[in-house]
Amino acid sequence: MFLYLNGGKKPVTLDMDTEQGRTLFTELVESADLVVESFSPGYMDGLRLGYGDLEKLNSGVILVSLTPFGQTGPWAAYQATDLTINAASGISYVTGYPDREPLKEPGHETDYQTGAAAFLGAMTALAYRDVSGIGQHVDVSAQEAALSTFSPQFLGAMHSGSSPTRGSARLMPCKDGYVSLNVRHDATWEYMWLFFEEPEMIDDERFATAPDRRRNIVALEDLLEPRLARYTMEELFHGLAPLRILVGMVLEIDRLLIDPHLQERGFFVDQTDPELGKMTMPGAPFLMSDTPWQEGHISLDIGSDNREVYCGLLGHDDAELGRWKEQGIV
Amino acid sequence: MSSSKGRLPLEHLRAVVLTQAWAGTYTTRLLADMGAEVIQIEALDRPDPWRGGYPPRLSGTYPDNIPGERPFDRNAAYNSVNTGKRAITLDFNHQEAKDMFLDLVGISDIIAENFSARVMPNFGMGYDVLSEVNPSIVMLRMPSYGCTGPYSAYMGNGGTTEPMSGIASALGYPEGPPMNSGFMHTDPYAGYVACGAILIALHHRARTGSGQVVDLSQQETSIGLMVEHVMEYSMSGKVPTRNANADPSMSPHGNYPCDGEDSWVAISIRNDEEWMRLCQILGQPRMADEPNYATADGRVKNASALDAIVAQWTSTQTADSVTELLQAQGIPASPVMKARELLGHPHLEERGFFQELDHPDTGRQTYAGVAWRLSKTPGRLLGPSPRLGQHSAEVLQELLGVPSSHVQRLVDAGITGDTPNLND
């Protein structure tokens with residue numbers, strides 16, 4: 001994960017608690033567009049490197065700060081993980097079965113949401129700097145980044161007067177796995193029965209309208225299960241999707257990596273690390289027609305770019321770098 | 001409340017967008033939060049499905065559960081992700097509507113759409129056509145499966161993206177089947193990434209003057225949430241299993257029952273030090289010496305036994321009091337908040353996260369606010385979500401110079417207007 005999250009970066013080391021380390025950091029800030037940090041609120045201020053200090057060094061610099069609960073407020077010092085942010089943003093409460101414990105979303109979703117919000121904060125601040133020359137401080141709270149993704153459910157709760165309860169969606173078993181299947185619209189309802197070659201079922205009065213189908217969902221699932229069991233995920237997906245039916249295959253990770261669609265788009269990329277060997281990871285998050293994504297080099301060696309950055313970029317010499325190494329500053 | 005007036009970072013930009021439902025509309029709402037002028041185009045015979053339909057096919061959440069005369073202007077889903085936009089209607093089956101759209105493209109910076117890949121080219125409005133009109137335009141296309149590849153013509157939504165990205169296979173209880181979240185949460189993450197793609201293209205344009213088209217697949221952005229599973233499989237051949245809230249390196253780690261109706265608290269123990277502090281709080285200091293639990297590995301192996309011990313204690317406490325006790329010792333914990341408990345939460349209130357807006361059809365409502373804060377140009381919800389076709393006449397007149405008499409002719413011909421075509 002470290003390799004994926006740090007691909008394309010230049011790793012350097014620096015002890016910012018020393019005066020020399022602090023000076024080198026200020027030299028970097030003077031040449032930087034963005035400074036991104038995820039220390040506890042107040043830590044950068046304590047080093048005299050808060051936004052007020054950085055702004056004096058470089059009026060165009062943008063400082064992006066990521067924390068669990070933001071820079072201010074009574075929970076600012078509270079600790080968090082992806083699990084507790086799922087809980088604190090309303091997401092967990094609605095995920096899972098009503099008679100079981102709430103679930104967090106898989107992986108580290110709220111961490112990615114927070115990273116994305118910080119990326120957007122940086123980019124909007126840059127867009128403003130492009131027209132004004134002025135930098136600023138971006139405060140990103142993981143709780144707010146996650147909660148913003150929950151805004152439809154939040155407004156729904158404001159409208160209806162009650163909180164939505166846990167109602168994760170059941171997926172339908174088929175011959176070799178599971179599919180998601182949505183046949184609420186009348187046209188897709190008809191197409192589905194034509195696919196099953198049972199056109200007489202279209203007029204079954206228990207399921208005549210979309211509200212009927214929602215109301216009688218259990219009976220409908222009982223009806224569909226033996227039919228779906230005759231087909232594989234692939235057969236259902238390629239049979240129903242061209243009929244404009246919303247259908248998805250529940251792909252396990254091994255199947256995902258050999259998915260012909262993703263392969264044709266060249267989504268996954270392989271990288272080889274001398275110690276860890278070959279590994280596969282997602283490639284470009286989106287494809288831009290004029291400015292293609294740059295696959296980052298990977299390195300596990302912290303400080304491997306000290307020389308390039310401190311000597312190449314900031315113009316110090318090897319003797320200085322050697323001295324700082326001895327002093328434990330880099 | 002962040003409703004004060006002030007400069008906004010994107011107020012120099014105009015977007016003309018055909019985004020619908022959630023992922024696309026959230027993308028363009030984020031632009032509006034930052035000050036961009038966002039003109040949302042719908043068709044009268046095919047309004048945004050997130051408006052919740054119209055009688056007799058209603059599927060929305062309305063204030064006081066009353067759909068009202070214009071239910072499509074009262075639905076929470078649409079109204080939550082279209083704040084601050086202007087809404088116009090145009091029927092692209094008429095050449096004149098297409099011409100007006102192209103005129104808007106000519107005076108805009110951004111186009112965004114989230115139809116399946118074939119739709120815009122079928123309308124004769126692919127990027128090749130639009131960039132001819134405006135070479136500096138930035139166009140975002142974000143179909144479920146992207147613009148190329150064998151699935152690109154298929155329709156999708158969050159209900160198909162979750163299973164097709166591997167997420168559904170990893171969500172569930174250990175002994176149970178895979179599941180979808182039930183609220184299509186891959187949409188807003190795709191929205192975040194898509195908004196970033198637009199801003200990168202704009203940053204490039206600010207330097208070079210040239211626009212470009214972005215091809216974003218929501219399936220791919222969602223797989224981006226599964227990186228650790230993809231890498232683990234590629235290196236070890238291990239397919240991840242469904243494991244509720246368990247973590248491979250932290251234990252205890254879960255949502256534990258509390259005193260109160262369907263009340264839960266989330267607790268994560270990240271290291272040995274936090275484990276020892278938890279033992280003190282549980283009133284079982286001697287458990288800290290138990291060798292089976294002394295290391296993270298040991299605790300993960302014995303997770304179900306530890307979960308039972310923690311649950312026994314939490315079930316006698318409120319979620320708030322557990323949170324306070326644990327956070328006082330630096331341990332991550334939070335009540336599992338219900339949507340309505342978020343409103344009035346002292347931390348979010350003090351930070352001014354929520355924002356109230358007056359809407360002509362829903363009255364005064366409280367909205368979740370902006371997702372990141374800029375110190376000098378903070379974003380805000382610029383206004384309520386627009387009613388269907390609310391700004392048709394004003395946009396066509398002000399921006400395109402269409403005379404008002406002609407706007408009326410367009411309304412009479414069903415090309416624009418504010419009343420949905422109910423013949424569907």
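Note that the structure is a prediction, hence the values are computed from the model and not measured.

S.K.: Teacher, can you tell me more about the overall build of chain A here?
M.R.: When helices and strands are tallied, chain A shows 16 helices and 10 strands. Against the 2.2 N^0.38 benchmark of 20 Å for 330 residues, chain A shows a C-alpha radius of gyration of 27 Å, more extended than a compact globule. The principal-axis extent of the C-alpha atoms belonging to chain A is close to 85 × 50 × 40 Å. Within chain A, the fraction of its 330 residues that count as buried is 39%. Long-range contacts, defined as pairs at least 24 residues apart, comprise 65% of the intrachain contacts of chain A with a sequence gap of at least 6.

S.K.: Is there a simple way to explain the overall build of chain B in this structure?
M.R.: Helix and strand counts for chain B stand at 18 helices and 13 strands. With the principal axes as the frame, chain B shows a C-alpha extent of 85 × 50 × 45 Å. Taking all 424 residues of chain B together, the buried fraction comes to 55%. Considering only contacts in chain B between residues 6 or more positions apart, those separated by 24 or more positions represent 69%.

S.K.: How should the nonpolar core be read in this particular structure?
M.R.: In a soluble, globular protein the nonpolar side chains are often hidden away together inside. Ranked by size, the top nonpolar core spans 186 residues in total, and within it Leu120, Val138 and Val179 of chain A together with Ala15, Ile198 and Val265 of chain B carry the most contacts. Setting aside residues no more than four positions away along its own chain, Val138 of chain A makes contact with Ile62, Leu63, Val64, Ser65, Ala118, Gly121, Ala122 and Ala125 of chain A together with Trp372, Arg373 and Leu374 of chain B. Counting residues in hydrophobic clusters, the runner-up holds five residues, among them Leu24, Tyr310, Ile329 and Val330 of chain A.

S.K.: Before we go on, may I ask you to explain the domain arrangement of chain A in this structure?
M.R.: The accessible area lost on association of the parts is a frequent measure of interface size. For chain A, the domain assignment lists domain 1 (32–169) and domain 2 (172–249). Taking only C-alpha atoms into account, the centre of domain 1 of chain A sits 40 Å from that of domain 2 of chain A.

S.K.: What is the right way to read the interface of chain B and chain A from this model?
M.R.: Of the residues lining the interface, 119 residues belong to chain B; the matching set on chain A comes to 111 residues. Alignment of strand β4 (residues 169–170) of chain A against strand β6 (residues 179–180) of chain B, held across two bridges, turns out to be antiparallel. When the sheet's bridge partners are listed, Arg170 of chain A is paired in β6 of chain B with Met179 of chain B.

S.K.: Help me out: how do you make sense of the sheet that holds strand β6 (residues 177–182) of chain A in this one?
M.R.: Note: strands within a sheet are paired through backbone hydrogen bonds, in either parallel or antiparallel orientation. Residues and elements named next belong to chain A. On the basis of which strands lie adjacent, the open sheet formed by three strands has the order β5-β6-β7 and antiparallel pairing. The sheet is open, and its two edges are formed by β5 (172–174) and β7 (246–249), each paired on a single side. On average, each strand axis in the sheet is tilted by 35° relative to the strand beside it, whichever way the strands run. Note: β5 against β6, three bridges, orientation antiparallel. Its bridge partner being in β6, Met172 is matched across the sheet by Val179. Where helix α11 (residues 217–228) meets the sheet, it contacts β5 and β6, and its direction lies at approximately 25° from that of β5. Lying on the sheet, helix α12 (residues 233–240) is in contact with β5, β6 and β7; it crosses β7 at an angle near 155°.

S.K.: What am I meant to see in the packing of helix α6 (residues 109–132) of chain A against helix α8 (residues 186–208) of chain B here?
M.R.: For any two helices packed against each other, the geometry comes down to the angle between their axes and how far apart the axes lie. It is at 9 Å that the axes of α6 of chain A and α8 of chain B come closest, and there the two elements cross at 25°. In terms of orientation, α6 of chain A lies roughly parallel with respect to α8 of chain B. Crossing geometry of α6 of chain A relative to α8 of chain B is assigned as left-handed. Two secondary-structure elements touch here, α6 of chain A through Tyr112, Gln113, Ala116, Ala117, Phe119, Leu120, Met123, Thr124, Leu126, Ala127 and Asp130 of chain A and α8 of chain B through Tyr189, Tyr192, Val193, Cys195, Gly196, Leu199, Ile200, Leu202, His203 and Ala206 of chain B.

S.K.: Looking at this structure, I do not really get helix α3 (residues 95–106) of chain B. What am I missing?
M.R.: Residue and element names in this part refer to chain B. The terminal C-alpha atoms of α3, which comprises 12 residues, lie 17 Å apart, in line with the 16 Å expected from a rise of 1.5 Å per residue. All of the buried residues along α3 are Ala97, Met100, Phe101, Leu104 and Val105. For α3, the angular spread of buried residues about the axis comes to 150°, placing them on one side. More than 90 degrees from the buried face of α3, the exposed residues found are Gln95 and Asp99. If you follow the buried residues of α3, they end up packed against β1 (14–17), β2 (37–42), β4 (110–113), α5 (127–133) and α17 (392–400).

S.K.: Help me out: how do you make sense of the domain arrangement of chain B in this one?
M.R.: Domain parsing of chain B yields domain 1 (14–224 + 354–412) and domain 2 (253–338). Here the C-alpha centroids of domain 1 of chain B and domain 2 of chain B sit 42 Å apart.

S.K.: Explain the pairing of β6 of chain A here, please?
M.R.: Sheet faces and side chains relate simply in a regular strand, where the side chains alternate between the two faces. All names here are of chain A. Burial analysis of β6 places five of its six residues in the buried class, which makes it a mostly covered element. With antiparallel pairing between neighbouring strands as the criterion, β5 and β6 make up a hairpin whose turn holds two residues. Bridge analysis of β6 against β7 gives four bridges, and the strand direction is antiparallel. Each residue of the ladder has a partner; that of Ser180, found in β7, is Gly248.

S.K.: Explain the confidence of the model for chain B here, please?
M.R.: Low-confidence regions, as indicated by low pLDDT, have predicted coordinates that should not be scrutinised in detail. In this model, chain B carries a mean pLDDT of 95, and residues with pLDDT of at least 70 account for 98%. For this predicted complex, the interface score ipTM comes out at 0.96, alongside a pTM of 0.96.

S.K.: Please explain the sheet that holds strand β9 (residues 264–268) of chain B as it appears in this structure.
M.R.: All names here are of chain B. Read across the sheet, three strands follow the order β8-β9-β10 without closing on themselves; strand pairing throughout is antiparallel. Edge positions in the open sheet fall to β8 (253–257) and β10 (333–335), since each of these has one partner strand only. Averaged over all adjacent pairs, the angle separating strand axes in this sheet is 20°, with direction ignored. When β8 meets β9, the two strands line up antiparallel, connected through five bridges.

S.K.: Mind showing me how you'd approach unusual backbone geometry here?
M.R.: A negative phi angle is the norm for most residues apart from glycine, just as the trans form is the norm for most peptide bonds. Omega for the bond connecting Ser251 of chain B with Pro252 of chain B falls within 30 degrees of zero, at -10°, which places this linkage in the cis form. Its location among the elements puts Pro252 of chain B in the loop between α10 (227–236) and β8. You will see that Arg48 of chain A, though not glycine, has its phi angle at about 60°, which is positive. If you trace the backbone, Arg48 of chain A turns up in the loop between α3 (43–46) and α4 (51–57). The residue Ala244 of chain B is not glycine, and still its phi comes out positive at about 50°. If you trace the backbone, Ala244 of chain B turns up in the loop between α10 and β8.

S.K.: Any chance you could explain α8 of chain B here in plain terms?
M.R.: Owing to its 3.6 residues per turn, the α-helix aligns residues three or four sequence positions apart on the same side. Residue and element names in this part refer to chain B. Along its 23 residues, α8 runs 33 Å from first to last C-alpha, staying within 8% of the 33 Å computed at 1.5 Å per residue. Of all 23 residues in α8, 17 are buried; the element is thus mostly enclosed. Positive backbone phi, approximately 85°, marks Gly209, located one or two places after α8.

S.K.: Is there a simple way to explain the environment of Lys85 of chain B in this structure?
M.R.: Residue and element names in this part refer to chain B. Take Lys85: it is sitting in the loop between α2 (76–81) and β3 (86–89). As for Lys85 and Leu381, which are separated by 296 residues in sequence, their C-alpha atoms are 9.6 Å apart. Among residues more than four places away in sequence, those in contact with Lys85 are Thr28, Ala32, Val38, Gln40, Ser385 and Pro386.

S.K.: Can you help me understand the pairing of β9 of chain B in this one?
M.R.: All names here are of chain B. Among the five residues in β9, five count as buried, and that is most of the element. Of the two faces of β9, the one lined by Trp264, Ala266 and Ser268 and the one lined by Val265 and Ile267 are each fully buried. The antiparallel pairing of β8 with β9 creates a hairpin that spans six residues between the two strands, and Gly260 there sits at a positive phi of about 130°. The pairing of β9 with β10 spans three bridges and is antiparallel. Across the sheet, the residue bridging to Ala266 is Ser334, located in β10.

S.K.: Would you mind going over the environment of Leu47 of chain A with me for this structure?
M.R.: All names here are of chain A. Relative to the assigned elements, Leu47 resides in the loop between α3 and α4. Classification of Leu47 by C-beta neighbours within 10 Å gives partly exposed; the count is 15. For the pair formed by Leu47 and Glu37, sequence separation is 10 residues and the distance between their alpha carbons is 13 Å.

Rules used in this analysis
Here the residue index of a chain counts from 1 through its sequence in written order. Lettering of chains starts at A and numbering of ligands starts at 1, both following the order in which they are written. Side-chain atom pairs in this predicted model are given and counted only at pLDDT of 80 or more, local residue features only at pLDDT of at least 70, and totals for whole chains, interfaces and linings cover all residues. Each helix is a run of H or I in the DSSP string that is no shorter than four residues. Each strand is a run of E no shorter than two, and both are numbered from the N terminus. Note that the radius of gyration is over C-alpha atoms, with the globule rule given as 2.2 Å times the number of residues to the power 0.38. Counts of 20 or more other C-beta atoms within 10 Å of a residue's own C-beta define buried residues, counts of 12 or fewer define exposed ones, and intermediate counts define partly exposed ones; C-beta atoms are placed from the backbone. For the purpose of contact definition, each residue receives a C-beta atom placed from its backbone, and two residues are in contact when these atoms lie within 7 Å. Buried Ala, Val, Leu, Ile, Met, Phe, Trp, Tyr and Cys residues whose C-beta atoms connect them within 7 Å together make up a nonpolar core. Either an automatic procedure or a domain database provided the assignment from which the domain bounds are taken. A pair of strands counts as paired when DSSP detects no fewer than two bridges linking them. To get an axis, fit a line to the C-alpha atoms, keeping to the stretch in contact for a helix; angles then go from 0 to 180 degrees between the N-to-C directions. Any angle from 65 to 115 degrees is called roughly perpendicular, while one under 35 is roughly parallel, one over 145 is roughly antiparallel, and all others are oblique. Throughout, a crossing is termed right-handed when the near helix is turned clockwise from the far one, and left-handed when it is turned anticlockwise from it by less than a right angle. Multiplying one less than the number of residues by 1.5 Å gives the expected span of a helix. Taken from the helix axis, the directions to the C-beta atoms give the arc we talk about. Note on scores: pLDDT gives the predictor's confidence for each residue, bounded by 0 and 100.

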